[in-house]
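Commentary on secondary and tertiary structure
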Amino acid sequence: MNTEWNAEIERRAALHAVLSDPGRLAVVELLSLGDHSPSELSAELGMASNLVAHHVGVLVEHGLVSRRRSEGDRRRTYLHLTPDAAIVPSGWTMPRPRRVLFVCTANSARSHLAAALWHRSSRIAAASAGTHPAPAVAPGALAAAARHDLPLPDVKPRLFSDVRRDGDLVVTVCDNAHEEMGTAADLHWSVPDPVPAADDAAFDAAFEEIARRVDDLAPRIAHA
């Protein structure tokens, strides 16, 4: 076996060793569904904040978790899994919702892309909405959908309270929306807003991150 193969085996073995701790595995399991701040992890897991900080530090050190500063409350940090965390198949599934509702502030880019990507990956219905809808969908979002051959019908921004239905699984894809809505959201994906940059690279990065998260979540939802 060559040196590179041996090095990769050793790296993966080290990651498995890190995840042999039940507390760290619980953190990874929870983050496999959506992003959390450290205080949210502590509350959800019933784990002391100093222990959460220790586990997160180890996971960050080994490249399984990364930190992202909130675009809303700049004092807050969200934790999310890196691709390396895929070495651990999650055992969690979620009950089938009537619909998945993706929410951002303006409902002009990320939430529309998320709903369209969900339609491509799952037979469960999807919709999108905003907490403060913009006048129109961002041209950059329409262009990104076209570049990736993603059908995006004649959509327009809509208000969350007008769109939400009983039985929705609400997923925020915007830090501001998550922080404004609190417990009204079920899951959070901290996806950077591509609109301020207004260039293809920013919209493509948002598209690719949302696509990865959709592909991760869709199989986790029971279809029965």
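Residues numbered from 1 in each chain as written. Predicted model: local features only at pLDDT ≥ 70, side-chain atom pairs only at ≥ 80, totals over all residues. Heavy atoms only, no water.

1. A look at the pattern of salt bridges
Just so we agree on the cut-off: Here a salt bridge means any side-chain nitrogen of Lys or Arg lying within 4 Å of a carboxyl oxygen belonging to Asp or Glu. For helices the rule is a DSSP run of H or I covering at least 4 residues; for strands it is a run of E covering at least 2, with both sets numbered from the N terminus onward.
All chains considered together, the criterion is met by 11 salt bridges. Here Glu71 ties to Arg110 by a salt bridge, and the two come within 3.8 Å at their closest N and O atoms. With Glu71 in the loop between strand E1 (65–69) and strand E2 (77–81) and Arg110 in helix H5 (residues 110–121), the pair connects residues that are 39 residues apart, well separated along the chain. Where Arg147 meets Asp204, a salt bridge forms, and the shortest distance between an N and an O atom there is 2.9 Å.

2. Structural notes on the sheet that holds strand E4 (residues 125–130)
Using the following cut-off: Strand pairing requires that DSSP identify at least two bridges connecting the strands. The criterion used for residue contact is that any of the two residues' heavy atoms lie within 4.5 Å. Axes here mean lines fitted to C-alpha atoms, for a helix over just the part in contact, with angles spanning 0 to 180 degrees between N-to-C directions.
Taken in spatial order, the four strands line up as E4-E3-E5-E6 in an open sheet, and their pairing is parallel. Sheet topology places E4 and strand E6 (187–188) at the edges, where each strand pairs with a single neighbour. Pairing geometry for strand E5 (residues 168–172) and E6, over two bridges, is parallel. For Thr172, the partnering residue across the bridge sits in E6 and is His188. Strands in contact with H5 are strand E3 (99–104) and E4; relative to E4, the strand with the most contacts, it is inclined by about 180 degrees.

3. Comments concerning the nonpolar core
Selection rule: For this analysis, a nonpolar core means a set of buried residues of the types Ala, Val, Leu, Ile, Met, Phe, Trp, Tyr and Cys, connected via side-chain atoms within 4.5 Å. Relative accessibility thresholds used throughout: buried, under 20% of the residue-type maximum; exposed, over 50%; partly exposed, between the two (1.4 Å probe, protein chains only).
In this structure, Leu101, Phe102, Trp118, Val171, Trp189 and Leu217 are the most contacted members of the largest nonpolar core, which totals 41 residues. Elements with a contribution of two residues or more to this core: E3, H5, E4, helix H7 (160–163), E5, helix H8 (175–181) and helix H9 (200–217). Beyond its immediate sequence surroundings of up to four residues, Leu217 is in contact with Leu33, Met94, Trp118, Leu187 and Trp189. One finds Val18, Leu31, Leu64 and Ala85 within the second-largest nonpolar core, a separate group that totals 18 residues.

4. Quick word on the packing of helix H2 (residues 22–31) against helix H4 (residues 49–61)
When two helices pack together, their arrangement is given by the angle between their axes and by how far apart the axes lie. Selection criterion: We call two directions roughly parallel when the angle between them is under 35 degrees, roughly antiparallel when it is over 145, roughly perpendicular when it lies between 65 and 115, and oblique otherwise. Under the scheme applied, nonpolar residues are Ala, Val, Leu, Ile, Met, Phe, Trp, Tyr, Cys and Pro; charged residues are Asp, Glu, Lys and Arg; polar residues are all the others, including Gly.
Contact geometry for H2 and H4: axes closest at 10 Å, N-to-C directions at 75 degrees. As summarised for this structure, H2 and H4 are arranged roughly perpendicular, according to the angle between their axes. Contacts between H2 and H4 pair Gly23, Arg24, Val27 and Val28 from the former with His54, His55, Val58 and Leu59 from the latter. Tallied by class, residues from the contact of H2 with H4 come to four nonpolar, three polar and one charged.

5. Concerning the environment of Asp186
Where we set the bar: For this analysis, a polar contact is any N or O atom pair within 3.5 Å, provided that within protein one partner can donate a hydrogen and the other can accept it, and provided that sequence-adjacent residues contribute only side-chain to side-chain pairs.
Here Asp186 is to be found in the loop between H8 and E6. Between the C-alpha atom of Asp186 and that of Ala218, which follows or precedes it by 32 residues, the distance is 15 Å. In this structure Asp186 touches Asp168, Leu169 and Val170, once residues within four positions along its chain are discounted. Only 2.8 Å separates the side chain of Asp186 from the backbone nitrogen of Val170, close enough to count as a polar contact.

6. Notes on the packing of aromatic side chains
Put simply, the rule is: For Phe, Tyr and Trp, where Trp contributes only its six-membered ring, two rings pair if their centres lie within 6.5 Å, and the inter-plane angle classes them as stacked under 30 degrees, edge-to-face over 60, or tilted in between.
Inspection of every chain in the model, using the stated rule, returns two aromatic pairs. A centroid spacing of 6.1 Å and a plane angle of 55 degrees characterise the contact between Phe102 and Trp118, whose relative ring orientation is tilted. Of this pair, Phe102 sits in strand E3 while Trp118 sits in helix H5, and the two are 16 residues apart along the sequence. A relative accessible area of 0% means that Phe102 is categorised as buried.

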